[in-house]
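Coordinate analysis (summary)
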Amino acid sequence: MGMEFGRTAFSAGSEYVEKNINRFVDISALKYYFKVNNSYVANKIKLLLFPWRHKRWTRIVIRSEQNGQLEGFKPPRDDINSPDLYIPAMALVTYVLLTGIVSGAQGNKFHPEVLGVNATSAFFLVLLELVFIKTGCYLLNITSDTNVLNLLAYSGYKFVG
């Protein structure tokens, strides 16, 4: 009886959280940016570190079979030029951890606050860059259907190097 009560409470709680989170963040749109595999990650990191070796820079589009209309772009695992959020997220975490290691290796006593301060400053730097890009597009009257998550992915690639 206790297990059944726990299951119903958990399902009701997860349904409530899912309903309220979907008001602010579209989970299905976010999942698109994390559709990667190992070969994509390796090839994308090579592309980011050695961009002069890459020849084709256009994204692969998905067209409707009935009328040939543009439906969108292929996910990152199928298109090396597609932006993803997996590599920027992992690069940001790696950056924060490496700054912590460097801080400890320089003879300073390591404090966990270093990780929090670096993570917060890096996160706000990306958000500030995103605000500048969107403000610049507004001021220059640039109308495009560029997704905010695309801009977030592109601005997060700076941590790979």
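Residues numbered from 1 in each chain as written. Predicted model: local features only at pLDDT ≥ 70, side-chain atom pairs only at ≥ 80, totals over all residues. Heavy atoms only, no water.

If you look the protein chain up in an unreviewed UniProt entry, it shows as Protein YIF1 from Gigaspora margarita. The annotation that UniProt attaches to the protein chain under Sequence similarities (unreviewed entry) is "Belongs to the YIF1 family." Heading Function (unreviewed entry) of the UniProt record for the protein chain holds this comment: "Has a role in transport between endoplasmic reticulum and Golgi." (UniProt positions renumbered as here; feature names shortened; annotations may be inferred.)

Positive phi, close to 55°, is recorded for N141, a residue that is not glycine. By the secondary structure assignment, N141 is in the loop between α5 (113-139) and α6 (148-156). (Helix = DSSP H or I, 4+ residues; strand = E, 2+ residues; numbered from the N terminus.)

At a minimum axis separation of 9 Å, helix α4 (residues 86-105) and α5 run at an interaxial angle of 140°. Between α4 and α5, the angle falls in the class oblique. Crossing hand, α4 versus α5: right-handed. Between α4 and α5, the residues in contact are L92, Y95, V96, L97, T99, G100 and S103 and V114, L115, N118, A119 and A122, respectively. Among the residues forming the contact of α4 with α5, the class breakdown is 8 nonpolar, 4 polar and no charged. (Axes fitted to C-alpha atoms, helices over the stretch in contact; angles between N-to-C directions. Parallel < 35°, antiparallel > 145°, perpendicular 65-115°, else oblique. Left-handed = near helix turned anticlockwise from the far one by under 90°. Contact = heavy atoms within 4.5 Å. Nonpolar A, V, L, I, M, F, W, Y, C, P; charged D, E, K, R; others polar.)

What follows covers the UniProt feature "transmembrane region" (unreviewed entry) in the protein chain. As annotated in UniProt, the feature "transmembrane region" (unreviewed entry) corresponds to residues 85-102 and 114-133 in the numbering used here. With 100% helix and 0% strand, residues 114-133 has end C-alpha atoms that lie 28 Å from one another.

Within the element layout of this structure, N118 appears in helix α5. Setting aside anything within four residues of it in sequence, one finds N118 in contact with V96 and T99.

Working definition: an aromatic ring pair is given by the centre-to-centre distance plus the angle between the planes. The tally for this structure, following the rule as stated, stands at 5 aromatic pairs. When the ring of F50 is compared with that of W52, the centres are 5.7 Å apart and the planes differ by 85°; the resulting orientation is edge-to-face. For F50, a relative accessible area of 41% gives the class partly exposed. The ring of F73 has R59 lying over it, and the distance from NZ or CZ to the ring centre is 4.1 Å. (Phe/Tyr/Trp six-rings, centres within 6.5 Å; stacked < 30°, edge-to-face > 60°. Buried < 20%, exposed > 50% of the residue type's maximum accessible area, 1.4 Å probe, protein only. Lys NZ or Arg CZ within 6 Å of the ring centre and 35° of its normal.)

With that out of the way, let us pick up α6. Those residues of α6 not exposed but buried are L149, N150, L151, A153, S155 and G156. Those residues of α6 hidden inside the fold are in contact with α2 (27-32), α4 and α5. For α6, the N-terminal cap is N147; the gap from its side-chain oxygen to the backbone nitrogen of L149 is 3.3 Å. (Polar contact = N/O pair within 3.5 Å; in protein donor to acceptor, adjacent residues only side chain to side chain.)

What follows covers the pattern of salt bridges. Per the stated rule, a full pass over the model turns up 1 salt bridge. The shortest N-O distance in the salt bridge between E129 and K158 comes to 2.5 Å. Residue E129 is found in helix α5, and its partner K158 is found in the segment after α6; the two are separated by 29 residues along the sequence. (Salt bridge = Lys/Arg side-chain N within 4 Å of Asp/Glu carboxyl O.)

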